[in-house]
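Here are the chains, one letter per residue:
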Amino acid sequence: MFFAPHLSLLNSAVEANRTRSAWTGFSSITPPEPAHAEALVGAYDGVTLQLSAPAAAVITADEVSPYTGKPLNVTYAAPSVDEVLGGAACAAVELGKASVEQRVGVCLESLHRIHQRGQEFAAVTSHTTGQSLSMACSGSGTNALDRGLEAVAMAWASMSRVPETVTWQQTFGKTPVTLHKRFRPRPVGTALVVACASFPAWNAYPAILANLATGNPVLVKPHPRSVLGTALAVQVIREVLDEAGLPTDAVQLVVDTVDAPIAGDLATHPAIRIVDFTGSQAFGTWLERNSGDALVFTETAGVNTVILDSVDDLAATLRTLAGGLSLFSGQMCTSPQNIYIPDAGVRTADGSVPRDDVVAALRAALDDLAAAPRRAAAVCGALQSDATLRTLDSLAGTAGDTLVRRHTPYAHPVYPQARVVTPLLIRIDPRRGDEVPDGEQFGPIAYLIDCADRDSAVEHATASIRRHGAISSYLYCTDDAAVDTIADAYADAGASLSANLISSMPMQYAAAYSDYHVTGLNPAGNATLTDEAFIAGRFRIVQDRRQIEG
C-alpha cells in the first residue's frame with residue numbers, strides 16, 4: 001500500500017546511487033524558533049513510550065538538555081533481553097514472508113512521515129545531542145533522511161537484481177529439460193542497531209532501514225543519554241508497520257542505563273544475527289571480536305588529519321579550517337583533529353607564511369567566532385556531555401607551554417546556561433618529545449603538529465591512520481601532481497582524502513548517494529555508508545525449481 005506512491009522517489013534514489021551525482025529526496029526543513037522547539041520537546045515531559053514487546057520494566061532516561069540544563073523526563077519501556085528477542089521472534093516469520101515491495105514501502109513511508117515532522121525531530125535532536133537547530137534540520141534532518149533512503153535504494157536494487165522467476169531449459173543428450181525456477185530473498189535473522197549519543201539519526205536510519213527492507217527484525221538501542229529522537233523514529237516505523245498489516249515488533253526500542261548496559265548482552269546472544277554499531281572504538285572492536293557468528297557493521301572513530309602545505313588563499317583556508325574545528329563543537333566523526341604545519345610554513349602565491357603566523361591566524365579566527373555569539377551558536381551548538389567539558393579542562397590544565405588557545409565559552413544568545421565552548425588548540429612537536437595524542441580526542445580540540453615538510457607530514461599522518469584509523473582526511477596543496485601522489489598514499493592506508501576544500505560547504509560534509517562514508521579499510525570502522533557490502537549479507541537468496549514439460 002505504500003510502495004507505489006513512493007516508487008518515483010525510489011527510482012530516483014537508485015539512479016543517484018548509480019551515478020553518484022548531487023541529488024536529494026527531501027526538501028529542506030525550516031528550523032523552529034527556540035521557544036517553539038522547547039514546547040515541542042516539553043510535550044513529552046512525563047510521557048511513557050511503549051515501543052517494544054510488552055515489558056515488565058520502565059526507565060526514565062537520563063536525558064538532560066545541553067541548552068536548558070533541564071531533564072527531559074521521558075520514560076520508556078525497558079524490555080529485557082528475553083522479552084525483546086521474544087518479540088522479534090514472533091515478528092520474524094510474517095516480516096520475512098512479506099514481499100520486498102511491502103517492506104520497502106514501509107521504509108519509504110516512514111522516511112516521508114519523519115520528514116513531515118521535521119521541526120519536531122529537529123527540536124528533540126537539538127535538546128538531546130546539543131546540535132544547533134539548523135544542524136538538526138540539515139545534518140540530522142534532510143541529510144540523515146537521504147542516508148536512510150540511500151540504504152533503502154541500495155537494498156532494493158540488490159534484491160530486485162535477481163528475477164523472481166525464470167524458465168530454464170537445457171538439453172541433456174537428446175532430451176530437452178525445462179525447469180521453472182523461483183528465487184526469493186530471505187532475511188538472516190534479528191538485527192541489533194546501537195546508536196551514538198551525539199549524531200544518532202545519520203547512522204541509525206541507514207542501519208534500521210537496510211535491515212527492515214531485507215526482512216530482518218530490528219532492535220534499536222539508543223545511547224542512554226540521547227534516546228528521544230531515536231525513539232520517535234521507531235514510533236513512526238511501528239505505526240507504518242501496523243498500517244501495512246505487518247507486526248509492529250519488527251522494530252523495537254531497547255533502552256538501558258549507563259550503569260546497567262544491555263548492548264553487550266544482546267550482541268553476544270546467539271539469536272542476534274546482525275549488529276550495527278556507531279560509537280567508541282573500544283566497544284566497536286569488542287563487538288567485532290565477541291559477537292559470535294553475527295554479521296557486524298561498525299563505524300567508530302579515528303584521528304582525522306589535515307596537512308597544510310600550500311594554498312591559494314590562506315585567509316579563506318583558515319576560515320574553513322576554523323569552521324571545521326568548530327562545527328558542532330568537534331563532536332562529529334568527520335571533525336579534523338591533527339593539523340600538520342611544515343617548518344617552512346605554508347606556501348602561498350606571495351611566498352611562505354611562517355608557521356607561527358599561521359597558528360596565530362587560526363587562533364584569531366576562532367577568537368572571532370567566539371566574539372560573535374549568534375554565529376557561534378549556529379556553528380558550535382553545545383556539548384552533548386559534561387564529560388567532554390571535563391576532558392577539555394583536563395587537557396588544557398596539563399598542556400603547559402604547548403597550549404595555544406584555551407577552550408572558551410561563548411555567550412549563547414538564547415540559553416545563557418548552555419554548555420558551550422569554542423575549540424582548544426595545543427601545539428606539539430614530536431621531534432622534541434611532545435606526546436602525540438593516542439587516538440581520537442572527542443570534542444572541540446585540535447593539535448597543531450610541527451613537522452619537517454610535506455613528505456614527513458604524509459608519512460606521520462598515514463602511520464596514524466594505520467594505527468588509529470581515520471574517517472575523513474584533509475589536504476591543502478596547490479601542486480596537482482603532489483595531490484595525486486598523496487591521495488595514493490592515503491588510499492594505501494585505507495583512507496579517503498579531501499583536497500583544497502574552501503567554500504560555503506563545511507569541510508566535513510558528506511553527501512548521501514555520492515560520498516562513501518568510512519572505507520572499512522582502517523581501524524575507524526569495518527563498514528561503509530552506503531556500498532553494496534553494507535547490504536550484502538543481510539539477506540540470502542533461496543530457490544525452488546520444478547520440472548515442467550518443454
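You'll find the structure just up there.
Below, the structure is looked at part by part. (Residues numbered from 1 in each chain as written. Predicted model: local features only at pLDDT ≥ 70, side-chain atom pairs only at ≥ 80, totals over all residues. Heavy atoms only, no water.)

By the secondary structure assignment, Gln131 is in the loop between helix H5 (118-129) and helix H6 (133-160). Classification of Gln131 as buried rests on a relative accessible area of 0%. C-alpha separation for the pair Gln131 and Thr462, spaced 331 residues apart in sequence, amounts to 31 Å. Among the polar contacts listed, one links the side chain of Gln131 to the side chain of Ser140, at a separation of 2.9 Å. (Helix = DSSP H or I, 4+ residues; strand = E, 2+ residues; numbered from the N terminus. Buried < 20%, exposed > 50% of the residue type's maximum accessible area, 1.4 Å probe, protein only. Polar contact = N/O pair within 3.5 Å; in protein donor to acceptor, adjacent residues only side chain to side chain.)

This next bit is on the nonpolar core. Counting residues in hydrophobic clusters, the biggest one holds 89 residues, and the most contacted among them are Tyr76, Val104, Leu212 and Leu228. The dominant element in this core, judged by the number of residues it contributes, is H6, at 12 residues. Discounting chain neighbours no more than four positions away, the residues touching Leu212 are Leu95, Arg103, Val106, Cys107, Val218, Ile237, Leu241, Ala250 and Val251. Membership of the second largest hydrophobic core comes to 28 residues, among which are Leu392, Ala399, Ala493 and Ala495. (Core = buried A, V, L, I, M, F, W, Y, C linked by side-chain atoms within 4.5 Å. Contact = heavy atoms within 4.5 Å.)

With that settled, consider the pattern of salt bridges. Tallied over the entire structure, the rule returns 25 salt bridges. When the shortest N-O distance is used, the salt bridge between Glu532 and Arg161 registers 3.2 Å. Taken together, the residues span a long stretch of sequence, with Glu532 in helix H17 (residues 532-535) and Arg161 in the loop between H6 and strand E4 (165-172) at a distance of 371 residues. Relative accessible area serves as the criterion here: at 40%, Glu532 is assigned to the partly exposed category. Asp343 is the partner of Arg355 in a salt bridge, and the nearest nitrogen-oxygen pair spans 2.8 Å. Note that Arg355 is positioned in helix H12 (residues 355-370) and Asp343 in the loop between strand E12 (338-342) and strand E13 (346-348), a separation of 12 residues in sequence. When its relative accessible area of 12% is taken as the criterion, Arg355 is described as buried. (Salt bridge = Lys/Arg side-chain N within 4 Å of Asp/Glu carboxyl O.)

Here we take up a negative patch on the surface. Where like charges cluster on the molecular surface, the negative patch consists of Asp479, Asp480, Asp484, Asp488 and Asp492. Along the chain, Asp484 falls in helix H16 (residues 480-492). (Patch = residues over 30% accessible without salt bridge, like charges linked within 9 Å, V, L, I, M, F, W, Y side chains within 5 Å. Areas by Shrake-Rupley, 256 points an atom, 1.4 Å probe, with all protein chains shown as cover. Lys, Arg positive; Asp, Glu negative; His and termini not counted. Charge placed at Lys NZ, Arg CZ, Asp CG, Glu CD.)

Here we come to the packing of aromatic side chains. Taken as a whole and assessed by the stated rule, the structure comprises 7 aromatic pairs. Measuring from ring centre to ring centre gives 5.4 Å for Phe277 and Phe283, while their planes differ by 75°; the resulting arrangement is edge-to-face. Judged by its relative accessible area of 6%, Phe277 falls in the buried class. On the accessibility criterion, Phe283 (26% relative accessible area) is partly exposed. Geometrically, the ring pair formed by Phe297 and Phe534 is edge-to-face, given 5.4 Å between the ring centres and 65° between the ring planes. Separated by 237 residues along the polypeptide, Phe297 in strand E10 (residues 295-299) and Phe534 in helix H17 bring together distant segments of the chain. (Phe/Tyr/Trp six-rings, centres within 6.5 Å; stacked < 30°, edge-to-face > 60°.)

Next up on the list: helix H4 (residues 100-116). In a regular helix each residue adds 1.5 Å, so 17 residues correspond to 24 Å; H4 covers 24 Å between its end C-alpha atoms and thus fits that length. Burial analysis of H4 places 13 of its 17 residues in the buried class, which makes it a mostly covered element. (Expected span 1.5 Å × (residues − 1).)

Before going further, it helps to spend a moment on the pairing of strand E9 (residues 272-278). Among the 7 residues of E9, 6 are classified as buried, and the element is accordingly described as predominantly covered. Judged from the 5 bridges that link them, strand E6 (residues 190-194) and E9 form a sheet pairing that is parallel. Across the sheet, the residue bridging to Leu192 is Val275, located in E9. Across 5 bridges, the pairing between E9 and E10 is parallel. In the sheet register, Phe277 faces E10, and the bridge partner there is Thr298. In this fold, the crossover linking E9 to E10 by way of helix H10 (residues 281-290) has right-handed handedness. (Pairing = 2+ DSSP bridges. Right-handed = clockwise from strand over helix to strand, strands pointing away.)

Let us look at empty space enclosed by the protein. This model, assessed by the stated rule, comprises 6 cavities of 30 Å³ or more. The volume enclosed by the largest cavity comes to roughly 160 Å³. Considering the residues around the largest cavity, the lining is formed by 20 residues, among which Asn203, Phe277, Thr278, Glu299 and Phe534 are closest to the centre. When contributions to the lining of the largest cavity are tallied by element, the ones reaching two or more residues are E6, helix H7 (200-213), E9 and E10. The greatest single-element share of the lining of the largest cavity, amounting to 4 residues, is contributed by H7. (1 Å grid on protein atoms, 1.4 Å probe; cavity = no way out; pocket = protein on both sides within 12 Å on 5 of 7 lines; lining within 4 Å. Points joined across faces, edges and corners; volume = space filled by probe spheres on them.)

Attention now moves to the packing of helix H15 (residues 454-468) against H16. Contact geometry for H15 and H16: axes closest at 9 Å, N-to-C directions at 20°. One way to sum up the angle between H15 and H16 is to call them roughly parallel. For the crossing formed where H15 meets H16, the hand is right-handed. For the pair H15 and H16, the contacting residues are Arg454, Val458, Ala461, Thr462, Ile465 and Arg466 in the first and Ala482, Ile486, Ala489, Tyr490 and Asp492 in the second. Residues of the contact of H15 with H16, tallied by class, amount to 7 nonpolar, 1 polar and 3 charged. (Axes fitted to C-alpha atoms, helices over the stretch in contact; angles between N-to-C directions. Parallel < 35°, antiparallel > 145°, perpendicular 65-115°, else oblique. Left-handed = near helix turned anticlockwise from the far one by under 90°. Nonpolar A, V, L, I, M, F, W, Y, C, P; charged D, E, K, R; others polar.)

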